[in-house]
Amino acid sequence: MLAEPGHYDYAPYTGRPRIVWPGGARIAVWLAPNIEHYELEPPDNPRKTPWPRPVPDILNYSHRDYGNRTGFWRMADVMAKHGVRGSVSLNVAVCDHFPEIIERCCALGWELFSHGTYNTRYFYDLTEDQQRALIADSRETIRRASGQSLDGWLTPAITNDETTQHVLAEEGIKYTLDMVHDDQPMPVKVRNGRLISVPYSLEVNDVPLFQNRNTPVERYTAMVKAQFDQLYAEGAENGTVMCLPLHPYLIGQPQRIAALDAALAHIVAHDGVWLATGREIAAWYTEHYYEKVSGWLASGTPGGRR
Amino acid sequence: MSGPGIPNYLDYKWRRRGLDHDRFPHRNLPQAKPIVWPGKARVALWVAVHVGHFPMDMPRTPFVAPGGVDRPYPSYWDYTQRDYGNRIGIYRLMRALDARSLRATALLSSAVAARYPALVREIAASRWEVAAAGFDMGKLHHGGLAEAEERALVKEAVGTLRGAFATPIRGWHSPAHSESMRTLDLVAEAGLDWVADWINDDMPYPVTTSAGPLTAMPLAWDLSDQRLLFQQHMDTAELVEQVLRAFATLYAEAARSGSGRILTLTITPWLMGQPHRIRALGGLLDRILDHAGVWPATGAEIVDAWRAGG
C-alpha cells in the first residue's frame, strides 16, 4: 500500500501564480450533476459491497432510480432557469438505458464526462487493461451519444486504484476529479502525459450532506452560499474554483429542489463569476497556467509571506 | 501497483434501453400521462400510517429494519417505545385526522391485528383503509427467503387482515421496504392490487407480476418521520418545513404541468403520535388543507382515480 497518492507536491495557499478566469472573473463556478445508474444485481468487488442490504436491495436501488425518473427533470429545469450549465458526471451506460436524459443534457449545452460505466462497477482491484477498457468504453459511448470528446473523469464512487490516474493520463483524459486537495486546478504527477486536477467537492455535495450528515434543507442553501462567498472573496486575490456536485435522486426531491434554486439565485447575482464547465476550466488552466504553476512548484513554491 | 483483476467484471448483462429488470418500463415524470384528480384537485394528500409490531426477540439478520430493535436483548427500551405507538400514539393520530375529516391508510402488521382486537375496531370505526404490511417488523421479505416460506408469510398477513376487517384489503407494504425478487408476484397472487415499496417516483405506475398487474404507489421515505426524526435525528420543525416545501413544489408543479400530484405524509404512531409532536402534525395538516385544490384520499382511492384517469 502507498502512504500517499504521490500525484502532487505540497503547495501552500500563498505565493501562488495568480489565476484570472476569462473576462477577468475571480471565480469559476461549475455544477457537476452525477447522472448515475446503480445496478439491481451488481457483480461482487472484493473491496466494496454495492448495497447495504441483500440483493435485491429495492429500497436503495429505487431511491437512486428516483433521480433518473423524477429528480433529474426538476433539477435540469432549475439549472436552465438560472442559465447554469451542467458538466455531467455520467455513468455512461445511462446513454444506453435512458437516452432521453442524455438528449436533454445535450439540448441544454451540458458537458458529458465519465463517472465510469455504472456506479456499481468499481475500479478497486482492476488490472490496468481492465481500467483501459472501461475508459475506452466511456470515450466511445460519450462520442456516440453526444459527439463530445471525453475530457474529464471521476472514478465511480471514487473507487480509483493506485494506478488509475496514470492510466487516465495515458488514455488522453485531461482532467481528474478524484482528488479534493485544493480550491484551484493543479498539475497531477503521472508517469506519462499531462493531467490536471479540477476541484470537485465532498463538502457542498448533497450525498454527504443529506445522506450522511443529516443536513436540514435550509442549511444546505446556507452552506452553498457560504462556500461561494468565501471563494468569491479569495478569488479577488487569486482565482478560485467552486464545484457544486449534485445528485438528482437527492436534490431533485420536492422538499429540496427550492434549496438549489435559492443557492443558484445567489451565485448568478454576482459579477465576476465565470459559469463554466469542467472542460472549459481545464482548458483555460492548461493553456494559461499549467506551465507557470509547474515552474513555481519546481522552484520550491517561492513568493509566500515568508 | 496494478490490481489483480476481477474476471468478467466488464460484462454487462442488462446494458440496454430501459431498466435492468422487467418489472416495469422506465418512465420520465414529465412524460407521465397527465392525471386529473376528483374535483380537479392539484394535489392528492395521502396520509399513510405505519402500524407495525416490533417483537422484542426480532432477528438481527439479514438486517435490522429501520426503527428496529438494536439494543441488547431484552430491550424493554425499544419494545415498549414502539408498543406505545399502538397503545397511545395511534389514538392521538386518529383524533388529529378525525378533527380534519381525514382518513388514513394503515400499513398494518398482521401481528397487530391478531394481538390488539380493540385497535382493529378503532381503525375500522375511523374508516381508515387497511393495507397489509407483512406479519411483523421482524419477518422481513428478502432475497434469502425460501419461496414457500415467503408465500406463507404473505398469505398469513393478508388472511389475518381479511378475517379482522370487513373492508377489502387491497394494498401491500413490505416491512422496511424490503423485497425478494418474487415478493411482488406473491402479493399479486394473494389478490392485492397496489403496492408501496419502491421509492423511485412521485406518481403511481403499473408493475408486471406473474399473477397480473399491480399499481405501485409513491410511499414517501426520504420525507417520512422514521427517516427524518428517527434515523436522521432531525427535529419536528424540520419535518414540518420539509413537508411544506415538498407540498409547495408539488402544488406548483401540478399547476404548471396540468397533471395532479401526490403528497404522501408517511407517519408512525410511536414518532408523530408523541405528545410533543401531535400539535405540530395538526398545524402541518391545517397549512396544507388551507390550500384550494387539495384532495385528501386513501391509497386505494388514489389508485382508483389514477387508473380511471387513463
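Look up a bit, the structure's there.
Just so it is clear, the model here is predicted, and its values are computed rather than measured.

Peer 1: How would you sum up the overall build of chain B? Please name residues and give values.
Peer 2: From N to C terminus, chain B includes 10 helices and 9 strands. Its C-alpha atoms give chain B a radius of gyration of 20 Å, within 12% of the compact-globule value 19 Å for 310 residues. Its C-alpha atoms put chain B at 60 × 55 × 50 Å along the principal axes. Scored against the burial criterion, the 310 residues of chain B give a buried share of 61%.

Peer 1: Summarise the overall build of chain A; cite the residues concerned and give the values.
Peer 2: Each helix and strand in chain A was counted, giving 11 helices and 9 strands. With the C-alpha coordinates of chain A rotated into their principal frame, the extents come out at 60 × 45 × 35 Å. With the model as given, the accessible surface of chain A reaches about 10900 Å², and the carbon-plus-sulfur share is 49%. Side chains of chain A give 29 positive and 37 negative charges; the mean places of these two sets differ by 4 Å.

Peer 1: Run through the pairing of strand β3 (residues 111-114) of chain A, naming residues and quoting values.
Peer 2: Every regular strand shows the same layout, with side chains that alternate between the two sheet faces. All names here are of chain A. By the alternation rule, side chains of β3 split into Glu111 and Phe113 and Leu112 and Ser114, which are all buried. Sheet topology places strand β2 (residues 87-90) next to β3; 4 bridges connect them, and they run parallel. Bridge pairing in β3 places Val88 opposite Leu112.

Peer 1: Could you give an account of the nonpolar core, naming the residues involved and the relevant values?
Peer 2: Counting residues in each nonpolar core, the largest one holds 138 residues, and the members touching the most others are Leu90(A), Tyr220(A), Leu260(A) and Leu263(B). Discounting chain neighbours no more than four positions away, the residues touching Leu263(B) are Val43(B), Ala44(B), Leu45(B), Trp46(B), Leu223(B), Val243(B), Ala246(B), Phe247(B), Leu250(B) and Ile288(B). Judged by nonpolar contacts, the second largest core, of 26 residues, contains Val198(A), Tyr285(A), Tyr289(A) and Val293(A).

Peer 1: Pulling in residues and values, what's your account of unusual backbone geometry?
Peer 2: With an omega dihedral of 0 degrees, the bond running from Val55(A) to Pro56(A) counts as a cis peptide bond. If you trace the backbone, Pro56(A) turns up in the loop between β1 (27-35) and α1 (58-81). A cis amide bond links Tyr73(B) with the next residue in sequence, Pro74(B), at an omega value of 0 degrees. Mapped onto the elements, Pro74(B) comes out in the loop between β1 (43-51) and α1 (76-98). Its identity is not glycine, yet Ser101(B) carries a phi of approximately 55 degrees, on the positive side. Note on placement: Ser101(B) falls in the loop between α1 and β2 (105-108). Its identity as a non-glycine residue notwithstanding, Ala176(B) has a phi of 65 degrees, on the positive side. Note on placement: Ala176(B) falls in the loop between β4 (171-172) and α5 (183-189). Look at Ala176(B) and you get buried, because its relative accessible area is 9%.

Peer 1: So, the interface of chain A and chain B: which residues are in play, and what are the values?
Peer 2: Size of an interface: often given as the accessible area lost when the parts come together. Counting residues at the interface gives 66 residues for chain A and 58 residues for chain B. The largest contributions to the chain A side of the interface with chain B come from Ile58(A), Arg69(A) and Gln255(A), which together make up 15% of the buried area. Here Asp222(B) ties to Arg256(A) by a salt bridge, and the two come within 3.3 Å at their closest N and O atoms. Sorting the residues of the side of chain A that touches chain B by element identifies α1, α2 (94-97), α3 (99-107), α4 (128-146), α6 (206-212), α7 (217-235) and α9 (257-268) of chain A as the ones contributing at least two each. Element by element, the count of residues in the side of chain A that touches chain B is highest for α1(A), at 12 residues. Across the side of chain A that touches chain B, the residue classes break down as 31 nonpolar, 18 polar and 17 charged.

Peer 1: Summarise the layout of surface pockets; cite the residues concerned and give the values.
Peer 2: As a volume, the largest pocket reaches approximately 540 Å³. Sorting the residues of the lining of the largest pocket by element identifies α1 and α9 of chain A together with α7 (236-257) of chain B as the ones contributing at least two each. Counting residues per element, the lining of the largest pocket draws most heavily on α7(B), at 7 residues. Residues belonging to the lining of the largest pocket are distributed by class as follows: 12 nonpolar, 5 polar and 10 charged. Size it by volume and the second largest pocket reaches roughly 450 Å³. For the second largest pocket, the lining is made up of 25 residues, of which Tyr38(A), Lys48(A), Asn119(A), Ala157(A) and Val207(A) are closest to its centre. Of all the elements in the fold, those that place two or more residues in the lining of the second largest pocket are α1 and α6 of chain A. Classifying every residue of the lining of the second largest pocket gives 13 nonpolar, 9 polar and 3 charged.

Conventions adopted
Residues numbered from 1 in each chain as written. Chains lettered and ligands numbered in written order. Predicted model: local features only at pLDDT ≥ 70, side-chain atom pairs only at ≥ 80, totals over all residues. Heavy atoms only, no water. Helix = DSSP H or I, 4+ residues; strand = E, 2+ residues; numbered from the N terminus. Rg over C-alpha atoms; globule rule 2.2 N^0.38 Å. Buried < 20%, exposed > 50% of the residue type's maximum accessible area, 1.4 Å probe, protein only. Areas by Shrake-Rupley, 256 points an atom, 1.4 Å probe, with all protein chains shown as cover. Lys, Arg positive; Asp, Glu negative; His and termini not counted. Charge placed at Lys NZ, Arg CZ, Asp CG, Glu CD. Pairing = 2+ DSSP bridges. Core = buried A, V, L, I, M, F, W, Y, C linked by side-chain atoms within 4.5 Å. Contact = heavy atoms within 4.5 Å. Buried area = accessible area lost by both parts, 1.4 Å probe. Salt bridge = Lys/Arg side-chain N within 4 Å of Asp/Glu carboxyl O. Nonpolar A, V, L, I, M, F, W, Y, C, P; charged D, E, K, R; others polar. 1 Å grid on protein atoms, 1.4 Å probe; cavity = no way out; pocket = protein on both sides within 12 Å on 5 of 7 lines; lining within 4 Å. Points joined across faces, edges and corners; volume = space filled by probe spheres on them.

Function cannot be read off these values alone, since they describe shape.
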